[in-house]
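Observations on chain architecture
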Amino acid sequence: MMIKETSLRRDPDLRGELAFLARGCDFVLPSRFKKRLKSFQQTQIQNKPEKKPGTPLPPPATSPSSPQPLSPVPHVNNVVSAPLSINIPRFYFPEGLPDTCSNHEQTLSRIETAFMDIEDQKADIYEMGKIAKVCGCPLYWKAPMFRAAGGEKTGFVTSQSFIAMWRKLLNNHHDDASKFICLLAKPNCSSLEQEDFIPLLQDVVDTHPGLTFLKDAPEFHSRYITTVIQRIFYTVNRSWSGKITSTEIRKSNFLQTLALLEEEEDINQITDYFSYEHFYVIYCKFWELDTDHDLYISQADLSRYNDQASSNRIIERIFSGAVTRGKTIQKEGRMSYADFVWFLISEEDKRNPTSIEYWFRCMDVDGDGILSMYELEYFYEEQCERMEAMGIEPLPFHDLLCQMLDLVKPAADGKITLRDLKRCRMAHIFYDTFFNLEKYLDHEQRDPFAVQKDVENEGPEPSDWDRFAAEEYETLVAEESAQAQFQEGFEDYETDEPASPSEFGNKGSKILSASLPEKCGKLQSVDEE
């Protein structure tokens, strides 16, 4: 067989035919079809002599002078692919989808008219609110607009400088998220860092009617602003990069919540990001742990939270840098107030997607993206030791592991991933089992049918964090009221009538502004991190 193939390949006529077929086809026919192929080609040429060049049918090998190309297949491919590359419409718009119907010149004309109503056509930050409304933006965009137009340097914005800035913005950015990023971000930056939000939030503190009582306590401005910034990044920055992109802004409810500030005078009704009651709860919890009041807490301080409910091993993982960044916590072993905000929200609301990621990073000791049986046993060992110290017989790890696997139902046997925990919707029970003894025992004593009902309920119920913050705030208010009544009774022991709640202020003003400085002491260095 080898000799036959060699002799066929040495045949000059057959060799030329094979070369011709190789140029025009993806395969080579056996030699026994040579004569049949030639006759077929000659018949096709006689029947269609007017065939234009560019057809996939090649000319016979005996006609080298034929005008048809020797390699028609690539030519056909070019004809097919060219229209496709031209007709594919643009589908990616990083700066938003342009609105061809909008008339920017009319908007700029209205802005110019609005500036004419301002003295000397120079707007300060308060008058910038009118300009923001003319631009079709929410009221609290005024501070970013003021800074973007150069108002921070001179104290005012002229009509020319603002119109030039806004014209450039309209031409290059086409949706609210892209415009917001452009106004707040540093020059030539396409994302927002934490310090970029400070001017916006300072304007909220200074001008929102629900925060007027804070004017008498300026030392708490930075603490409130820090809390809001951390809550924004906790919810919006899903990439954990420390930089918020326009895509993350679009997928979040931040811009809608920011617009609500203009309509709602009671800022505590806006539980997302801005609630002062939530800040009050977070800061009081931190102050109880920060015994030396240097605005940092140690690993021993954090372990005292909630009567040492969290295990020491999970706290060690928090301080190892698994979920925190910066030299302070890793080298000096101290946690800042900003990091504590993330811890507290994650601890009290383990259903939150960010919380699920937070604790997964802590439990994933080797960082391979999988919770192995070794890692689960490592955290459960301390739970068993604590239960034995309390006189409670712990469940053997093998039996507990079967329960957890049935609870999570991982896609791969013996390997629990972050995707598995998010899909099962029972991550809070899973995490509490391994590092929060108090909540684990509560889950064990709870009706299993009630747990299943919580999973099936998809209504707009308040989150675990909202419930926790509301309950803790009521407790703090009651404690302050009782303390105030005791002090007044001690000063005026002849008065037997109890004081009314109105004497201690409502939830948003007197108690918060008066008791918090008294409770937390003086904070002259509150801005230092």
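For every chain, the first residue of the written sequence is number 1, and numbering continues from 1 onward in sequence order. Only residues with pLDDT of 70 or above have their local features reported here, since the model is predicted, and side-chain atom pairs are shown and tallied only from 80 upward, although totals for entire chains, interfaces and linings are computed over all residues. Heavy atoms from the whole structure form the basis of all side-chain values; hydrogens and water molecules are not counted.

**What to know about unusual backbone geometry**
Applied cut-off: Elements are defined by DSSP. Helices are runs of H or I of four residues or more, strands are runs of E of two residues or more, and each kind is numbered from the N terminus. Type-normalised accessible area, obtained with a 1.4 Å probe on protein chains alone, sets the label of each residue: buried when under 20%, exposed when over 50%, and partly exposed for intermediate values.
Even without being glycine, Tyr-273 reaches a positive phi, approximately 70°. On the secondary structure map, Tyr-273 appears in the loop between helix H14 (254–260) and helix H15 (276–289). Since its relative accessible area comes to 3%, Tyr-273 is described here as buried. Within the chain, Lys-409 stands out as a residue other than glycine whose phi angle is a positive 55°. As for its placement among the helices and strands, Lys-409 is situated in the loop between helix H22 (397–408) and helix H23 (418–424). Accessibility expressed as a relative area gives 57% for Lys-409, which makes it exposed.

**What to know about the UniProt feature "domain: EF-hand" (unreviewed entry) in the protein chain**
This is how the line gets drawn: UniProt positions are given in the numbering used here, feature names are shortened, and annotations may be inferred rather than shown by experiment.
Here, UniProt's "domain: EF-hand" (unreviewed entry) annotation points to residues 351–386. Secondary structure across residues 351–386 comprises 69% helix and 0% strand; the distance between its end C-alpha atoms is 25 Å.

**A short note on the packing of helix H21 (residues 373–389) against helix H24 (residues 427–435)**
Defined as follows: Each axis is a line fitted through C-alpha atoms, taken for helices only over the stretch in contact, and angles between the N-to-C directions span 0 to 180 degrees. Reported orientations rely on four angle classes, namely roughly parallel under 35 degrees, roughly antiparallel over 145, roughly perpendicular from 65 to 115, and oblique for the rest. The contact criterion used throughout is that any non-hydrogen atoms of two residues lie within 4.5 Å. Note on residue classes: Ala, Val, Leu, Ile, Met, Phe, Trp, Tyr, Cys and Pro are nonpolar, Asp, Glu, Lys and Arg are charged, and everything else, Gly too, is polar.
At their nearest, the axes of H21 and H24 sit 6 Å apart, and the two run at 60° to each other. Between H21 and H24, the crossing angle belongs to the class labelled oblique. Note on element contacts: H24 touches H21 through Phe-430, Asp-432, Thr-433, Phe-434 and Phe-435, opposite Leu-376, Phe-379, Tyr-380 and Gln-383. For the contact of H21 with H24, the residue count by class is 6 nonpolar, 2 polar and 1 charged.

**Focus: the environment of Glu-105**
Inclusion rule: Between N or O atoms, a polar contact is any pair within 3.5 Å; within protein, one atom must be a potential hydrogen donor and the other a potential acceptor, and residues adjacent in sequence are included only when both atoms are from side chains.
Tracing the backbone shows Glu-105 in helix H5 (residues 104–116). A residue is classified by how much of its surface remains accessible, and Glu-105, at 48% relative accessible area, is partly exposed. Each C-alpha atom, one on Glu-105 and one on Arg-167, is 8.6 Å from the other, the two residues being 62 residues apart in sequence. Of the polar contacts made by the side chain of Glu-105, one reaches the side chain of Arg-167; its length is 2.9 Å.

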